[in-house]
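Coordinates in review
As a plain string of letters, each chain reads:
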Amino acid sequence: FRRRPTGEPEALWVVRPDGTDARRVVAEIHDGPLAWTPDGRITFVDTVADGARRLFTIALDGSDRRLLVDGESAEHAGAVWSPDGDRVVFTDDPDGQLLWDQDLLTGTTTTVGGRAPGRLVFADASGHVLRTLTEPAEGDHDGSPSWSRPL
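Here's what I pulled together on the structure shown here. (Residues numbered from 1 in each chain as written. Predicted model: local features only at pLDDT ≥ 70, side-chain atom pairs only at ≥ 80, totals over all residues. Heavy atoms only, no water.)

Describing the overall build of the protein chain
Stated precisely, the cut-off is as follows: By the criteria applied, helices consist of DSSP H or I runs no shorter than four residues and strands consist of E runs no shorter than two, each listed in order from the N terminus. Burial status follows relative accessibility: with a 1.4 Å probe on protein chains alone, a residue under 20% of its type maximum counts as buried, one over 50% as exposed, and anything between as partly exposed. Throughout, a residue-residue contact means that at least one pair of heavy atoms, one from each residue, lies within 4.5 Å.
A tally of helices and strands in the protein chain yields 0 helices and 13 strands. Starting at the N terminus and ending at the C terminus, the protein chain contains elements arranged as β-β-β-β-β-β-β-β-β-β-β-β-β. The buried share of the protein chain, taken over its 151 residues, is 36%. Pairs at least 24 apart in sequence give 33% of the contacts found in the protein chain among residues at least 6 apart.

What about the sheet that holds strand β2 (residues 11-14)?
What counts here: Here the rule is simple: two strands pair whenever DSSP picks up at least two bridges between them.
Judged by pairing direction, the sheet is antiparallel, and its 3 strands sit side by side in the order β1-β2-β3 without closing on themselves. Across the chains shown, the open sheet's two edge strands, defined by having one partner strand only, are β1 (2-3) and β3 (23-26). Where β2 and β3 come together, 3 bridges link them in antiparallel fashion. Each bridged residue has a counterpart across the sheet, and for tryptophan 13 the counterpart in β3 is arginine 24.

As for the environment of glycine 32
Following the sequence through the fold, glycine 32 ends up in the loop between β3 and β4 (35-36). Among the residues examined, glycine 32 registers a relative accessible area of 7% and is labelled buried. Put simply, glycine 32 and threonine 43 are 11 residues apart on the chain and 10.0 Å apart in space, counted from C-alpha to C-alpha. Other than its neighbours up to four places away in sequence, glycine 32 contacts Arg2 and Val45.

Right, here's the structure in full:
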């Protein structure tokens, strides 16, 4: 889970299902969806030196941090792994300018797409992009992928 203590950066934590042994895995991460890899690693979003947001995986003890996919985009997020762990689908936002806000009192949602739309990308476990799955229209944003088992 992500924990953000008052006045501190958001961190990545794990806890046992019975609520014991809560511990911090990464001291500072970017706000974004988390995903388990089939082999028990955690996928998370963090900011790299140029300010872009990238997907990383890490072991539960905080060791072996790996950049999943590098590239030209401003943001990668929302990783979903295939059941065998050989492939991953994630959101690739070239300019990182999608703004999303929801007023909790009225339920009104505001979205503003960037110059280049967010799209879904398909990659292998080593981070090699196999193909772009969607190419939405300017101002649109594709996100929140899921994985389906074959029927």
